[in-house]
Every structure is written in structure tokens, then in C-alpha cells.
Amino acid sequence: MLTTTERVAIVLAGAVFAFGIAVTFAPIAITLMLSIFPLQAGTPDFHAGSFDAYWALGNERDLLEALVNSIVVGGAATVISAILAIVLALYVDSRRAIGRPFLEAVIYLPFIMPPIITGLALLLFLSATHVERSLITVVVGHVVLVEAVTYRLVSTRLGNLPLSLYEASADLGASSVQTFRHIVLPQLYAPLIVGMMLSFTISFDETLLTLFLAGANTTLPLTLLAMMRVGFSMDINALVVLVIATTILIACLAAAIFRKTAMRF
Amino acid sequence: MISTAAPNESAKQTWSGIYTTRARAARAGLFVLVALVPSVLVLLPTLTFVANSFFVVDNGEIVKTFTLSNYATFFRDAEYWNVFINTLWLCFQVALASLILAYPIAWFIWRLPERYRYGLLFLIILPLFMSYVVKLFAIRSILGLDGFLNQFLVFTGFIDRPYMAFLFSRNAIIAAQTIMFLPYMVLPIFLNLERIPPSLIQASSDLGASAGTTFRHIVLPLSLPGVAGGLVFVFIMSLGDYITPQMVGGMTGHTFGRVVWSQFGVTYDWPLGAAFGVVLVLICTTLVAGVGLLSRQRRI
């Protein structure tokens, strides 16, 4: 079937693919290696490998505090942005909505602009309104940033719901409130869950925007950034491995849910 | 045509007639209620940001007068202007390097049987969920003087002593950002390739075109909007990234993003930083609008 040129092209492109996977996964591979094997004069000592660093994590107080901060910020930003996103999506989808282009522009703007712009705009606004920088301002920044993700997923699903679904529900005597509760809302669970998972992973890793908004209490990426000049100890590498493994797990779950529900429509 | 349009027209009139002033007020009220939070959190900061770009700093205090002096500084000061042009060139190189890697990758995934396609696509996107800071640190430990790349080259005998130039160079920034932004380039190209109807490719080969001809005349032109989208995406991300150039670029890492950031840190000239920020926003919106226009034209 395939000609020689095609076969050569596929093999070459496959080689580029393998190279791409190798370079993009190299960072996590190196972190994993350095969490198990101690460095001896710059080279990892492959005879002295152990998982001791993972058991010693309890001693890294600063790091664990930053980790907790990141989880709290991510959770708060995820929940608040999801509520905002669902209200906005329902409003924009409704027949009585006005100012739809305005609302969507406001929702998408922080996601399209580089984080440095969103960050400095919020910083200038906070200073103009005399608000101290803290974890709360970080949450506000993250809400603004990740809202677009959940909004996009929820509003796409709302727009794809067939009109006959509403009509059938009304024909069977359901009030508009009943239709919303029993017909529309269950359809939004999947995009909402996927959106929230993506929001959390984005917030958890956010660095460029957070640097503008954090006060004395910082998140995990900022703590790691501050530690970078000194170099990462084995404990730090161990923590990072666990964190990345969790994030990847969440991403896989989100993808699985997205695939399963995307097929229904 | 006219007979079907006429009842619609009259229906619309009665519909608008139903609205009393009270209903209209309720409608506006609901809008304000819904739009309030996003407006306060996005619109007001943006307005503050633009307003600040017209202020000046005097003795460490921000003076709220209208002046174009920040913009004049940007255009007149050769140093800022050089950094700016240099940064645009750097971001373009990053986008181009990403494209050279991403196009074959996207094409390869697209050519695979559907069974494997989405799994491998997910594999390419997965690194986006790994920590940005950790990626930076790992790239530093690969490229550094006692880093893994130098050790590997010494070990294999390509060089006889560690070679400094990997880290803290312009190429290090390009390599680091290409690695970090690659998935953002693969995704739009792949999605665009997937939209090409298989019938077009079949028709092309039915008419006797070789695989190369089909690619050149059908696949490549139809995937250009995805390419443009990916280029703009990576370009903007590279433009806004002020940490990578500092961490892997050393002295060469003095990019425009860092100039903006330093106005908010060391230099403490917020209005000047805001003005430079406005310049960045203008570039980004122009690029996004350009690509939007391009893909709309293509679709027709």
C-alpha cells in the first residue's frame, strides 16, 4: 500500500516524535533519578540508591507548608471559578442574555494575555485599592485565570444540548426549574468536573502570575523557584516526584472522563 | 422569500412590544448582577493598568498626571528598543524551532491508526502538567557545566573537558522554551490536520497524485491555519515568560519581559512597566487578530 517515500517520511516523523517525547519527559526522569540516587561529584552514584528521601519528607517544614498553601489556593480558586463559570455560562446561554460578546471577552482576556500582563494589571489594581498581597490575592488571580477553562467546557456543552431535550421535558409537564434540575444540570457534571480538574492543575503550577500577587506566604512553585539557585536536595526532588505523579494522575482522570462523555453527544 | 420573512418580522415586533420598562430594567439588573464580578476582577485592573502607563514616578511616588513620557522613553531610548527587537527575534526563533519539531510530530500522530492516535497525543500533551519550575531546574541540570549533557559528551569522547557554552546562552533559552512550549504547537496543528476530510485525500490519490503531491497541495495548505495558531501561541508565551531567560540565559537573558518585571521589583517604576506592558498587549492582540482573520478566510 505505502510507497517508499511515504514509509521513509513516517519513519523520520516517528523519530522526531520519539525525540520530542524524550526531551519533554527528560525533566521528570532526571528528577526521579536524583530523588533515588545521591550525587557524587556531579554524577549520580548508582550503587547508593534508596528511597530514604521519600521517608524524610516530614522534616521539610517550609516545603510542606508551601505545598499545603498551594493545595488550599488551588482548591479555593477551582471552586470559586467553577461557580462563576456555571453562572456565566447559564446566563449567556439563556434567551434573555445581553452583552454576550462583552462577557466572553472579559472571561477569555486573562487567559489569552501573557500572565505577566494579568499579573501586573492585578498588582496595580490591588495597590490602587490598598489591598495587601496575601494568599487571598493569589486566589483572586488564579480565579481570573482559570475561569475561562471551566466556562469554555460548560458553555460548549450547553450550546450542544439539543432543543428537543427542553421541549420533551416541557411536553411531559416539567416546569423550567424541574427541567434545569433533572435534565440540564446532570449534563453539566462532566464538563464541570473536567474543568475543575484542569483548573486545579493550572493553579497548582502557576508561577508567572503568582509572583506578582503573593505576599509573605508563598505557594510551592514560588518556594521551589527560590530554592533553585542553591540546587534541589534529594528531599525536594522526592516531593516534586510525588507532586508531579499526583498531577499526572489528575490529568489522566480528566482525560478519561472527557473521552467517555464526549462520545455521548 | 418575502412571504416567509414577513410573519417573522411581525412576530419580532409583538415580541419586543411585550417588554415593558419594568421587564427591561429587570433584564439590565440581571446583566449587572452577572457581569459584576468578572468586570471588577478583569475590567477594572485592565483600566488601572492602562491608566498607570500614562502616569510618572517622581521621588518614588506615582504622580497621576496624563503624560506620554513613558511611551516616549520606549521609542527614544535605544537600549530598551534594542532589547525589544532582540526579544521579538528570540521569540520568533523559539516559535520556529517548535514548529520544526512539532509539525512532523503532529503529522506522525495523525497518520497513525485511530486506536493509537489519542493515546500518543495525550502523551505529547502530558508534560504540560509537570511543574514549570521543575522543568526549568532539570533543564539547568542538563545544560550546566557539570551537567548531564557535558558529562555525556566527555564520556563518549566528543569533547575532552566540560564545555561551558550550553547554559547561559541564547541557544539555551531557545532550547529550554522549545522543550516547554512544544505541546502547545503540536496540539493546534494536529487538530487542524484532523479536520481535513479523508475524501479530499482519497480524491487526490484517485486522480493519480503521489503521496508527496497530495501532501504539498492538499494537506500542507489546509493545515496552515493550525501552524499559524501554534506559532502565535508559542510566540506570545515566549514573549511573556520572564523567568526562563533569567534562569538559563544568564547575561543574554535580558529580555523585554524581564525589563517589564524589573520595573515592578528593583527599579520600582510601575508606570514605565505598565507602558511596556501595554506595548506587549498591543503586539499580542495584533497577532491573535491576524490569525483569527487568516483562519476565517481559509474556511470560506
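Residues numbered from 1 in each chain as written. Chains lettered and ligands numbered in written order. Predicted model: local features only at pLDDT ≥ 70, side-chain atom pairs only at ≥ 80, totals over all residues. Heavy atoms only, no water.

1. A few points about the overall build of chain B
The helix and strand tally for chain B stands at 13 helices and two strands. Computed over its C-alpha atoms, the radius of gyration of chain B comes to 26 Å, more than 25% above the 19 Å expected for a compact globule of 300 residues. Sequence-distant contacts in chain B: of pairs separated by 6 or more residues, those separated by 24 or more amount to 69%. For chain B, the accessible surface area stands at approximately 15900 Å², while carbon and sulfur atoms represent 68% of it. Side chains of chain B carry 19 positive and 12 negative charges; the gap between the two charge centres is 12 Å. (Helix = DSSP H or I, 4+ residues; strand = E, 2+ residues; numbered from the N terminus. Rg over C-alpha atoms; globule rule 2.2 N^0.38 Å. Contact = heavy atoms within 4.5 Å. Areas by Shrake-Rupley, 256 points an atom, 1.4 Å probe, with all protein chains shown as cover. Lys, Arg positive; Asp, Glu negative; His and termini not counted. Charge placed at Lys NZ, Arg CZ, Asp CG, Glu CD.)

2. Remarks on the packing of helix α6 (residues 132-143) of chain B against helix α8 (residues 170-194) of chain B
Residue and element names in this part refer to chain B. One way to put it is that α6 packs onto α8 with a least axis distance of 11 Å and a crossing angle of 140 degrees. As far as their axial angle goes, α8 and α6 are oblique. Note that α6 runs across α8; the crossing there is right-handed. Across the interface between the two elements, Tyr-132, Lys-135, Leu-136, Ile-139 and Leu-143 from α6 touch Ala-172, Ala-176, Ile-179 and Met-180 from α8. (Axes fitted to C-alpha atoms, helices over the stretch in contact; angles between N-to-C directions. Parallel < 35°, antiparallel > 145°, perpendicular 65-115°, else oblique. Left-handed = near helix turned anticlockwise from the far one by under 90°.)

3. Brief notes about unusual backbone geometry
The phi angle at A:His130 is positive, at roughly 55 degrees, despite the residue not being glycine. Checked against the element boundaries, A:His130 lands in the loop between α5 (115-128) and α6 (135-160).

4. Let's talk about a nonpolar patch on the surface
Taken together, the side chains of A:Phe102, B:Val32, B:Leu36, B:Val37, B:Val40, B:Leu43, B:Leu44 and B:Leu47 define a hydrophobic patch exposed on the protein surface, amounting to about 630 Å² of accessible area. Take B:Leu44: it is sitting in helix α2 (residues 21-52). Here B:Leu44 falls in the partly exposed class, since its relative accessible area comes to 39%. (Patch = residues over 30% accessible without salt bridge, like charges linked within 9 Å, V, L, I, M, F, W, Y side chains within 5 Å. Salt bridge = Lys/Arg side-chain N within 4 Å of Asp/Glu carboxyl O. Buried < 20%, exposed > 50% of the residue type's maximum accessible area, 1.4 Å probe, protein only.)

5. Focus: the interface of chain B and chain A
If you look at the interface, chain B gives 74 residues, while chain A gives 75 residues. Where chain B abuts chain A, roughly 6800 Å² becomes buried across the two surfaces, and 84% of that area is made up of carbon and sulfur atoms. The salt bridge involving B:Arg111 is made with A:Glu6; its shortest N-O contact spans 3.3 Å. For the pair chain B and chain A, the number of links is three residue pairs in polar contact (both at pLDDT 80 or more). By residue number, the principal contributor to the side of chain B that touches chain A is α2(B), which donates 19 residues. Looking at the side of chain B that touches chain A, its residues break down into 55 nonpolar, 13 polar and six charged. (Buried area = accessible area lost by both parts, 1.4 Å probe. Polar contact = N/O pair within 3.5 Å; in protein donor to acceptor, adjacent residues only side chain to side chain. Nonpolar A, V, L, I, M, F, W, Y, C, P; charged D, E, K, R; others polar.)

6. As for the packing of aromatic side chains
Residues and elements named next belong to chain B. The full count for this structure, using the stated rule, is 30 aromatic pairs over all chains. The interplanar angle of 85 degrees and the centroid separation of 6.4 Å between the aromatic rings of Trp-107 and Phe-215 together place this pair among those described as edge-to-face. Taken together, the residues span a long stretch of sequence, with Trp-107 in helix α4 (residues 78-111) and Phe-215 in helix α10 (residues 211-240) at a distance of 108 residues. On the basis of relative accessibility, which here comes to 27%, the residue Phe-215 falls in the partly exposed class. An aromatic cluster is defined as three or more aromatic residues linked by ring pairs; in this entry it consists of Phe-74, Phe-75, Tyr-80, Trp-81, Phe-84, Phe-256 and Phe-276. (Phe/Tyr/Trp six-rings, centres within 6.5 Å; stacked < 30°, edge-to-face > 60°.)

7. Things to note about the packing of α5(A) against helix α12 (residues 256-264) of chain B
Between α5(A) and α12(B), the least distance of the axes is 11 Å, while the angle of their chain directions is 15 degrees. Taken together, the axis directions place α5(A) and α12(B) in an arrangement best described as roughly parallel. Crossing hand, α5(A) versus α12(B): left-handed. Taken together, the residues of α12(B) that come into contact with α5(A) (itself represented by A:Ile116, A:Leu120, A:Leu123 and A:Leu124) are B:Gly257, B:Val260, B:Trp261 and B:Phe264.

8. Let's talk about the confidence of the model for chain B
Residues and elements named next belong to chain B. Of the residues in chain B, 92% have a pLDDT of 70 or more, and the chain-wide mean is 86. The least confident element of chain B, judged by mean pLDDT, is helix α1 (residues 2-18) at 45; the most confident is α4 at 95. Low pLDDT, under 50, characterises residues 1-16; the stretch is placed with two contacts to residues that sit more than four places away or in other chains. (pLDDT = per-residue confidence, 0-100.)

9. Quick word on the nonpolar core
If you look at the biggest cluster of nonpolar residues, it comprises 129 residues, and the most contacted ones within it are A:Leu220, A:Leu224, B:Phe49, B:Ile189 and B:Leu193. Among the elements that line this core, the one with the most residues is α4(B), at 16 residues. When sequence neighbours within four positions are dropped, the list of residues in contact with A:Leu220 reads A:Leu63, A:Ala66, A:Leu67, A:Ser70, A:Phe204, A:Leu239 and A:Val243. Counting 20 residues, the second largest nonpolar core, distinct from the first, contains A:Ala89, A:Tyr91, A:Leu161 and A:Leu192. (Core = buried A, V, L, I, M, F, W, Y, C linked by side-chain atoms within 4.5 Å.)

10. Details of the domain arrangement of chain B
Here chain B is partitioned into domain 1 (2-52) and domain 2 (69-299). The centre of domain 1 of chain B, based on its C-alpha atoms, is set 40 Å off from the matching centre of domain 2 of chain B. (Domains from an automatic or database assignment.)

11. Here we look at the environment of B:Pro127
Inspection of the secondary structure assignment puts B:Pro127 in the loop between α5 (114-125) and α6. Taking C-alpha positions, B:Pro127 is 20 Å from B:Met247, a pair spaced 120 residues apart along the chain. Residues contacting B:Pro127, with those up to four places away along its chain left out, are A:Thr24, A:Phe25 and B:Lys135.

12. Section: the side chain of B:Ser262
On the secondary structure map, B:Ser262 appears in helix α12. Residues contacting B:Ser262, with those up to four places away along its chain left out, are B:Thr267 and B:Tyr268.

13. Thoughts on the domain arrangement of chain A
All names here are of chain A. Taken as a whole, chain A is organised into domain 1 (4-44) and domain 2 (60-262). One C-alpha centre belongs to domain 1, the other to domain 2; they are set 31 Å apart. Of all residues in domain 1, Ile-28, Thr-31 and Ser-35 give up the largest surface area on contact with domain 2, accounting jointly for 63% of the area buried on that side. At the boundary of domain 1 and domain 2, one finds zero residue pairs in polar contact (both at pLDDT 80 or more). In the side of domain 1 that touches domain 2, the residues fall into six nonpolar, two polar and no charged.

14. Details of the pattern of salt bridges
Residues and elements named next belong to chain B. For the coordinates displayed, the defined rule picks out two salt bridges over all chains. Residues Arg-117 and Glu-194 are paired through a salt bridge, measuring 3.7 Å at the closest nitrogen-oxygen approach. With Arg-117 in helix α5 and Glu-194 in helix α8, this pair connects stretches of sequence that are 77 residues apart. Residue classification places Arg-117 among the buried positions, given a relative accessible area of 14%. The exposure class of Glu-194 is partly exposed, given its relative accessible area of 28%.

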